[in-house]
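Residues per chain are reported as follows:
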Amino acid sequence: MILNSQENYKDKKSIIIYFSRANENYAVGYIDKGNTEVIAEYIRDLTGAELFKVEPKDKYASDYKTCVREAVERIRSHNAPIVKELPDLSSYEVIYIGSPVYCGKMPEEMVTALKDRDFTGKIIRPFVTHEGSGLANIPKEIKEVCKGATVLDGLEVKGSTVNSAKDRVESWI
Ligand SMILES: Cc1cc2nc3c(=O)[nH]c(=O)nc-3n(C[C@H](O)[C@H](O)[C@H](O)COP(=O)(O)O)c2cc1C
């Protein structure tokens, strides 16, 4: 079932599953809260959805350059354990999946969190923050990993503009 109006999505039981990293990042310097987390919290404020943050077991380095090296290696090796598995998703109708673009893709921890779960009948609404790649390959990855879901059009927001993006998030919601 595909819903069209904004009210319909807001009325559904929803969860926001996202990855986000504070510290040094491209174009923004050192930040206390990651860009994707800012968008996730807007969605929470606008919909009442619960938040679930995917946390890497091995924290990424706080400096940007080392973090990129680590991200490349985790994507290459598919080795990215997480602190806590996703909760039982059976009661949620709409699942917001939020991710930064890491080298054109999701951070490997998102793959770890989402793979081998049953998304049959779920509506997924992806949102992505980036610094030029837009949605990149992420909607395709989500379709591949989240078996059985209907994946709707995603929202992309440039990371360095998240603090002024609440209106865009609201119109997408
Ligand atoms: C390891 C790493 C790889 C990145 N790769 C890309 C990329 O391929 N394309 C892009 O547009 N931005 C890239 N970025 C920028 C992030 O996608 C962007 O800063 C995002 O908003 C970070 O989200 P977060 O603060 O929630 O972690 C990369 C950032 C990092 C740390």
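Conventions we followed
- Residues numbered from 1 in each chain as written.
- Predicted model: local features only at pLDDT ≥ 70, side-chain atom pairs only at ≥ 80, totals over all residues.
- Heavy atoms only, no water.
- Disulfide = S-S within 2.5 Å.
- Buried < 20%, exposed > 50% of the residue type's maximum accessible area, 1.4 Å probe, protein only.
- Near = heavy atom within 4 Å.
- Polar contact = N/O pair within 3.5 Å; in protein donor to acceptor, adjacent residues only side chain to side chain.
- Areas by Shrake-Rupley, 256 points an atom, 1.4 Å probe, with all protein chains shown as cover.
- Helix = DSSP H or I, 4+ residues; strand = E, 2+ residues; numbered from the N terminus.
- UniProt positions renumbered as here; feature names shortened; annotations may be inferred.
- Salt bridge = Lys/Arg side-chain N within 4 Å of Asp/Glu carboxyl O.
- Core = buried A, V, L, I, M, F, W, Y, C linked by side-chain atoms within 4.5 Å.

1. Description of the state of the cysteines
Consideration 1: Applying the stated criterion to the full structure yields zero disulfides.
Consideration 2: Not part of a disulfide, Cys67 finds its nearest cysteine sulfur in Cys103, a span of 8.5 Å.
Consideration 3: Its relative accessible area of 4% is what places Cys67 among the buried residues.

2. With respect to the site of the ligand
Consideration 1: Neighbouring residues of the ligand: 21 residues in total, closest Ser20, Asn35, Thr36, Thr129 and Ser133.
Consideration 2: At 2.7 Å, a backbone N or O of Val101 approaches an oxygen atom of the ligand.
Consideration 3: Ser133 has a polar side-chain atom sitting 2.7 Å from a nitrogen atom of the ligand.
Consideration 4: Bound to the protein, the ligand loses 93% of the 650 Å² it would expose on its own.
Consideration 5: Counting only elements with at least two residues in the shell around the ligand, the list comes to helix H2 (35–47), helix H3 (64–77) and strand S6 (123–130).
Consideration 6: In terms of residue count, H3 provides more of the shell around the ligand than any other element does, four residues in total.

3. Examining the UniProt feature "domain: Flavodoxin-like" (unreviewed entry) in the chain
Consideration 1: Listed under "domain: Flavodoxin-like" (unreviewed entry) in the UniProt record, and renumbered for this structure, are residues 33–172.
Consideration 2: This span, residues 33–172, is 35% helix and 18% strand, and a straight line between its end C-alpha atoms measures 22 Å.

4. What to know about the pattern of salt bridges
A pair can form between side chains of opposite charge whenever their charged atoms are brought close.
Consideration 1: Taken as a whole, this structure holds nine salt bridges when the rule is applied.
Consideration 2: Notably, a salt bridge pairs Glu93 with Lys12, separated by 3.8 Å at the nearest N-O pair. With Glu93 in the loop between H3 and strand S5 (94–100) and Lys12 in the loop between helix H1 (6–11) and strand S1 (14–18), the pair connects residues that are 81 residues apart, well separated along the chain.
Consideration 3: A relative accessible area of 35% means that Glu93 is categorised as partly exposed.
Consideration 4: The residue Lys105 makes a salt bridge to Glu141 at a minimum N-O spacing of 4.0 Å. Placement of Lys105 in the loop between S5 and helix H4 (108–114) and of Glu141 in helix H5 (residues 138–145) is noted, with a sequence separation of 36 residues between them.

5. Things to note about the nonpolar core
Consideration 1: In this structure, Ile17, Ile95 and Leu114 are the most contacted members of the largest nonpolar core, which totals 30 residues.
Consideration 2: In terms of residue count, the dominant contributor to this core is H4 (four residues).
Consideration 3: Counting 22 residues, the second-largest nonpolar core is a separate cluster that includes Tyr96, Val157, Trp172 and Ile173.

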